[in-house]
Protein chains: 2
Amino acid sequence: MRTSRDIRTANRYGVLRQIIASSPTSRQELAAATGLSLATVATLVGELLDLGMITEVGFEESAGGRPRDLVAVHASGGALVGVDIAETYVHVELFDLALNVLARAEEDVRPGENRPERLVGHVAAAVGSVVAQAGSGAARVLGVGVSMPGQVDRGTGVSEYAPNWDHWHDVPLRDLLAEHIAYPLHLDNPLRACAVAELWFGAARGRTDAVVVNLGTGVGAGLVLGGGVHRGVSNSAGEWGHTTLVLDGRPCHCGNHGCVETYVGAPGIMRHLRELSPGSALLHPDDQTATVNALARGVAAGDPVAVQVVRDTARYLAAGIADLVNLLNPEVVVLSSWVAATLGEPLLAGVREAVARHALRRPLTATEIVLSPIPTDPVCLGAATFALEGALGSAGQRTAAVRRPGAPARSRTAPPE
Amino acid sequence: MRTSRDIRTANRYGVLRQIIASSPTSRQELAAATGLSLATVATLVGELLDLGMITEVGFEESAGGRPRDLVAVHASGGALVGVDIAETYVHVELFDLALNVLARAEEDVRPGENRPERLVGHVAAAVGSVVAQAGSGAARVLGVGVSMPGQVDRGTGVSEYAPNWDHWHDVPLRDLLAEHIAYPLHLDNPLRACAVAELWFGAARGRTDAVVVNLGTGVGAGLVLGGGVHRGVSNSAGEWGHTTLVLDGRPCHCGNHGCVETYVGAPGIMRHLRELSPGSALLHPDDQTATVNALARGVAAGDPVAVQVVRDTARYLAAGIADLVNLLNPEVVVLSSWVAATLGEPLLAGVREAVARHALRRPLTATEIVLSPIPTDPVCLGAATFALEGALGSAGQRTAAVRRPGAPARSRTAPPE
């Protein structure tokens, strides 16, 4: 069961999330939006003020009562860095506390370069670049969140397995990065990054149960259940890409057959295109991005092969999404990552139509299926959110230590729930 | 996000669950076992004492400190009724607060009888029977939990859809039952009943994330996530029986094809037996129970057809369970309900072996697969637990009203978390 400390941390997340979403806002509005008592909200707001993450910004008249103090996120109260490590690039962004992007850096990773020392060098260079771009006037960096594909042990910071890199096992990535990066480091994987990004800033905000389907080279589903990210007992929940869609179907690199990923991941989509039309001009044999871009342009132009490939992909995807709808009964299924963003509305329309044929009526009625509304790289944003959650998670203990110079200690009006 | 009230209710469940598991116990042990503060435990224990659900039973010496007061579940402090409605029977049990069975009743339901009025008559008769058996000296009945197959709206008490009964739609079952039964009624479905039974009294006790796979005529998975039952946004989570195992496979009554249920539900197992050995003496064409019993005896006797059917069933089941392991990363998968109980260890051994071939290494390592340890009908036990949870859920408001005669009001030493 959840301990008092888990609950306090979750409530701290909830209040800051709501402040970011609706700045400026009052304690009364926050209590109404979160379902927490006014006393609890007042305590949590006090902590966030002490941390310098939010500020008082005046007051509004309230009907018939005394004026209500307003608070807003303090954008320059700290900076967060998000790192998206992918098979072919390292993408890094620096954000303010309102999660605006202040600086970006990207490093290419060539196939021969994915050895731990080389990768760490790319990450360190890009993080150094965004901090330098932000300049000496920028706010203190509160932490660096790192999204690493595959299985990650959050506690130890070990990257246990990267599905598309051979000979990558049990790499102590956080320790290696810490030799170059002095800020607190928070390691997790892209499924969880996309899930927290949607939960804090996207289509899952305010939802209790949501599934963020991640469509790229690899495929997975970040799960938001009961208002928080579901990680499972060993932080590996969400491996929907490795659930069976076709028993004894296509072989998968995981050792199983017929996995969802072999049909709807970018390589699976390319395979389908190759089988349907071997000499198609849409096919760029060694370039997933170019092929998926060509398919998107082909659909827009009415190319029958492109239309067929996207329709069939939507149908595979829909069968797998119907499984998620029937099993988890979420409020929303969000299609995220670059394949979903590139194929866009035609893919979404095909998925919606086919899910309706596969899913049970009751959960289907309760579920929306949408494209991610996040305009930037959701993995970077989510990784930065890991750093924000990390800073908040230890805030209870750190409140005194990091109090803004001159800020008064706030009295605790109620014990946080 | 979870409100203060949700959290208070979940904590009240957690403390009573722990007291039932380890009576007699002290507040200090309860705090250690639940992760709650001693002050919160003391408050919740006070509430449970006021409700008459637990009693003080002396004290134990503590090393170097003052003696610790002990509490235990007050078995005769109330009675709970669990109702298991199935396709062919209504099974009702009356429990004391330690969840010992005090009385049982069963009514057969013939195919023509599954009209709402007839079914309600059977339930009312069986509930009347167990209350009469328990006698006038028995404790007050705190509530009646009812498990109804299919989709149930817990809030309105409407049985929306029963998968194996034609013409059964949107039946206001709770209201119909309330015309005959004066106790508080709590309606939900067998997936949730088996999940709460395992969570309170079985293999999921003390676990944060567990999946209870229900193998009967219908198939589903009760989900325990984050320490509580995951219901989804419209209380229909867990429809794992209607996830795709074989795209375009066997037609399913849900309208989809290739659903898990069509391969591992009792009718699916019979179909496989018929295809493998059309004239088999193991096959009882119109009797699922007799056929599954014959298969179990056949495996024990080394009958090659029976061995093959159970092995193939285990393999289908394992592919579906590997999906749950990869997606949810649970600590334990519990095989429950009558098909699992009847096929027992040979099925379990086959499942364990085949899951290891289908699942990813990391979540697999973290997961145990076990048969349900609950010796009685888990659906009745779980339904009674709905009634217990219902009584506890409103206990905060009702504490004053139902205080035992003569019991002093307890001071609140801390607000409940």
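This one's a predicted model, so the numbers in the text were calculated from it and none came from an experiment.

Draft legend 1. Structural context of the packing of helix H9 (residues 288–300) of chain B against helix H10 (residues 304–328) of chain B. Residues and elements named next belong to chain B. Interhelical geometry of H9 versus H10 gives an angle of 110° and a closest axis separation of 8 Å. Comparing their axes, H10 and H9 come out roughly perpendicular. As for how H9 packs across H10, the hand of that crossing is left-handed. Judged by residue contacts, Leu-295, Gly-298 and Val-299 of H9 engage Ala-306, Val-307, Val-309 and Val-310 from H10. Among the residues forming the contact of H9 with H10, the class breakdown is 6 nonpolar, 1 polar and no charged.

Draft legend 2. Spotlight on the interface of chain B and chain A. Between chain B and chain A, the contact holds 58 residues from the first and 59 residues from the second. Taking both sides of the interface into account, the surface hidden between chain B and chain A amounts to around 5,200 Å²; carbon and sulfur atoms contribute 54%. In this structure, the connection of chain B to chain A is made through 4 salt bridges. For the pair chain B and chain A, the interface holds 28 residue pairs in polar contact (both at pLDDT 80 or more). When contributions to the side of chain B that touches chain A are tallied by element, the ones reaching two or more residues are helix H1 (4–22), strand E8 (151–153), strand E13 (219–225), H10 and helix H12 (361–365) of chain B. For the side of chain B that touches chain A, the element with the most residues is H10(B), which contributes 8 residues.

Draft legend 3. Region of the structure containing the domain arrangement of chain A. Here chain A is described as being made up of domain 1 (4–75), domain 2 (77–193 + 377–393) and domain 3 (205–371). With centres defined by C-alpha atoms, the gap from domain 1 of chain A to domain 3 of chain A works out at 38 Å.

Draft legend 4. Here's a closer look at the packing of aromatic side chains. Applying the stated criterion across every chain yields a total of 8 aromatic pairs over all chains. The interplanar angle of 45° and the centroid separation of 4.8 Å between the aromatic rings of A:Tyr263 and A:Tyr316 together place this pair among those described as tilted. A residue pair is termed long-range when its members are at least 10 positions apart, and A:Tyr263 in helix H7 (residues 261–264) and A:Tyr316 in helix H10 (residues 304–328) qualify at 53 residues. As far as burial versus exposure is concerned, A:Tyr263 and A:Tyr316 are alike and both buried. Ring plane angle 50° and centroid distance 6.0 Å describe the contact between B:Tyr13 and B:Trp200, whose orientation is recorded as tilted. Here B:Tyr13 is found in helix H1, whereas its partner B:Trp200 is found in helix H6 (residues 190–201), with 187 residues between them in sequence. Each member of the pair B:Tyr13 and B:Trp200 is classed as buried. One aromatic cluster in this structure is built from A:Tyr13, A:Trp200 and A:Phe201. Note that A:Arg17 overlies the ring of A:Trp200, its terminal NZ or CZ placed 4.9 Å from the centroid.

Each value, and the rule that gives it
Residues numbered from 1 in each chain as written. Chains lettered and ligands numbered in written order. Predicted model: local features only at pLDDT ≥ 70, side-chain atom pairs only at ≥ 80, totals over all residues. Heavy atoms only, no water. Axes fitted to C-alpha atoms, helices over the stretch in contact; angles between N-to-C directions. Helix = DSSP H or I, 4+ residues; strand = E, 2+ residues; numbered from the N terminus. Parallel < 35°, antiparallel > 145°, perpendicular 65-115°, else oblique. Left-handed = near helix turned anticlockwise from the far one by under 90°. Contact = heavy atoms within 4.5 Å. Nonpolar A, V, L, I, M, F, W, Y, C, P; charged D, E, K, R; others polar. Buried area = accessible area lost by both parts, 1.4 Å probe. Salt bridge = Lys/Arg side-chain N within 4 Å of Asp/Glu carboxyl O. Polar contact = N/O pair within 3.5 Å; in protein donor to acceptor, adjacent residues only side chain to side chain. Domains from an automatic or database assignment. Phe/Tyr/Trp six-rings, centres within 6.5 Å; stacked < 30°, edge-to-face > 60°. Buried < 20%, exposed > 50% of the residue type's maximum accessible area, 1.4 Å probe, protein only. Lys NZ or Arg CZ within 6 Å of the ring centre and 35° of its normal.

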